[in-house]
Amino acid sequence: MGSTTSCCVSSSPKIRRNAHSRLDSYQPEPDLSREDTGCNLQHISDRENLDEMNMEYNPSDHPRASTIFLSKSQTDVREKRKSLFINNHGTRRKHSSCSTIFLDDNTVSQPNLKYTIKCVALAIYYHIRNRDRDGGMLLDIFDEKLHPLSKSEVPSDYDQHDPEQKQIYRFVRTLFSAAQLTAECAIVTLVYLERLLTYAEIDICPGNWKRIVLGAILLASKVWDDQAVWNVDYCQILKDITVEDMNELERQFLELLQFNINVPSSVYAKYYFDLRSLSESNNLSFPLEPLSREKAQKLEAISRLCDDKYKDVRRAARKRSASVDNLCGVQWVPAILS
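Residues numbered from 1 in each chain as written. Predicted model: local features only at pLDDT ≥ 70, side-chain atom pairs only at ≥ 80, totals over all residues. Heavy atoms only, no water.

1. Brief notes about helix 8 (residues 165–179)
Put simply, the rule is: The secondary structure listing takes helices from DSSP runs of H or I that are at least 4 residues long and strands from runs of E that are at least 2 residues long, numbered from the N terminus. The span expected for a helix works out to 1.5 Å for each residue beyond the first. Partly exposed describes any residue whose relative accessible area lies between the buried limit of under 20% and the exposed limit of over 50%, with all areas from a 1.4 Å probe on protein chains only and scaled to the type maximum. The arc in question is formed by the directions pointing from the helix axis toward the C-beta atoms.
When the terminal C-alpha atoms of helix 8 are compared, their 21 Å separation across 15 residues agrees well with the 21 Å that a helix rising 1.5 Å per residue should span. Residues Ile-168, Tyr-169, Phe-171, Val-172, Leu-175, Phe-176 and Ala-179 constitute the buried set of helix 8. What you see down the axis of helix 8 is that its buried residues fit within an arc of 165 degrees, all on one side. Exposed positions of helix 8 whose direction lies more than 90 degrees from the buried face are Lys-166 and Ser-177.

2. Some thoughts on a positive patch on the surface
Basically, it comes down to this: For patches, a residue must show more than 30% relative accessible area and have no salt bridge; joins then use 9 Å for like charges and 5 Å for nonpolar side chains, namely Val, Leu, Ile, Met, Phe, Trp and Tyr. For every accessible area listed, the method is Shrake-Rupley and the probe measures 1.4 Å; residues are considered covered only by the protein chains on display. Whenever Lys or Arg places a side-chain nitrogen within 4 Å of a carboxyl oxygen from Asp or Glu, that contact is recorded as a salt bridge. For the purpose of charge, His is not counted, nor are the chain termini; Lys and Arg are scored as positive and Asp and Glu as negative. Charge coordinates come from a single atom per side chain, which is NZ of Lys, CZ of Arg, CG of Asp or CD of Glu.
Residues Lys-114, Lys-166, Arg-170 and Arg-173 make up a contiguous surface patch of positive charge. Ranked by residue count, the leading element in the positive patch is helix 8, at three residues. You can see Arg-173 is positioned in helix 8. Taking the relative accessible area as the measure of exposure, Arg-173 reaches 37% and is therefore partly exposed.

3. Notes on the nonpolar core
It is characteristic of soluble globular proteins that their nonpolar side chains tend to be buried jointly. Definition in use: Note on terminology: a nonpolar core comprises buried Ala, Val, Leu, Ile, Met, Phe, Trp, Tyr and Cys residues joined through side-chain atoms within 4.5 Å. We call two residues in contact when some of their heavy atoms are within 4.5 Å.
Among the nonpolar cores identified, the biggest contains 62 residues, and Leu-214 and Tyr-234 are the most heavily contacted of them. Beyond its immediate sequence surroundings of up to four residues, Tyr-234 is in contact with Leu-175, Leu-181, Leu-214, Ile-217, Leu-218, Ser-221, Val-229, Ile-241 and Met-246.

4. So, the packing of aromatic side chains
Rules: Ring pairs are drawn from Phe, Tyr and Trp, using the six-membered ring of Trp, whenever the two centres fall within 6.5 Å, and their geometry is named by plane angle: stacked under 30 degrees, edge-to-face over 60, tilted for the rest. Two thresholds decide whether a charge sits over a ring: the Lys NZ or Arg CZ must be within 6 Å of the ring centre and within 35 degrees of the ring normal.
Counted by the stated rule, this structure contains six aromatic pairs. Taking the ring centre of Tyr-115 as reference, the NZ or CZ of Lys-118 above it sits at 5.2 Å. Directly above the ring of Tyr-169 sits Lys-118, whose terminal nitrogen or CZ lies 6.0 Å from the centroid.

Here it is in structure tokens:
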């Protein structure tokens, strides 16, 4: 609640302390606007808007920002499409008809575990393949040379050769099958991985990808699953790693994330659908099966349950009387599955 001269001298705290330390007598001044004072002191609302604008460039925080792995895969996808067009090696896809409906068992609320892990491994592969070759520092906690995951000797060129997609998939699948993790945890793992790369301004490369993925899985399993896997359990999966190393990996991973482990539902859904887009562009389609009578009856029961749930809401929103000119209401037609 000080004077206008003391709070508008400069935005630097050090200069403000020097201004307060002067023993000049205070001279009251007329009220001046921000334009008249010529200071660049930013209003708090302006700072909040800037923070929101910066969040839009971070896909792991904002639902409108495009995911990094999808943008990095676009170059290779275009080359694959060109080769398929030249060689005429197109894959046959199943399409629904009036008599047969093809569905997959992969939804945003219940993703397919096997194919979700394959898509996440493919996204990590594109991160490594299309990384920034010139920049990107290698933090010691993720360096496999300094913190090996096995007692076998790490080759001297461990950071020179990009891993294949199958190698990444086997590593992730081993951890998920041994720890009995869910498909939702795989999607959250990818969110934390891209958040780490954005916050810490590092790149995932052949020398650090295993420990980065391990740290993301460790954190995602504790945040997502009710019965989380303990750090000592990962030591049973990776025989040569110590509990102290796992604790340090988790601690530094959280610090690099600035302890931001929140994953909004909109961000989760965006990553899920972008993974589906990645699978379709790489011919990694989810298995389609004909709609059986049992599944149709189950879908019809779910539809009736939702219809009964929102019947009161629709009834309250429906007008008692309406003019003929405005007679354009939504008609609810029941779906018949047989």
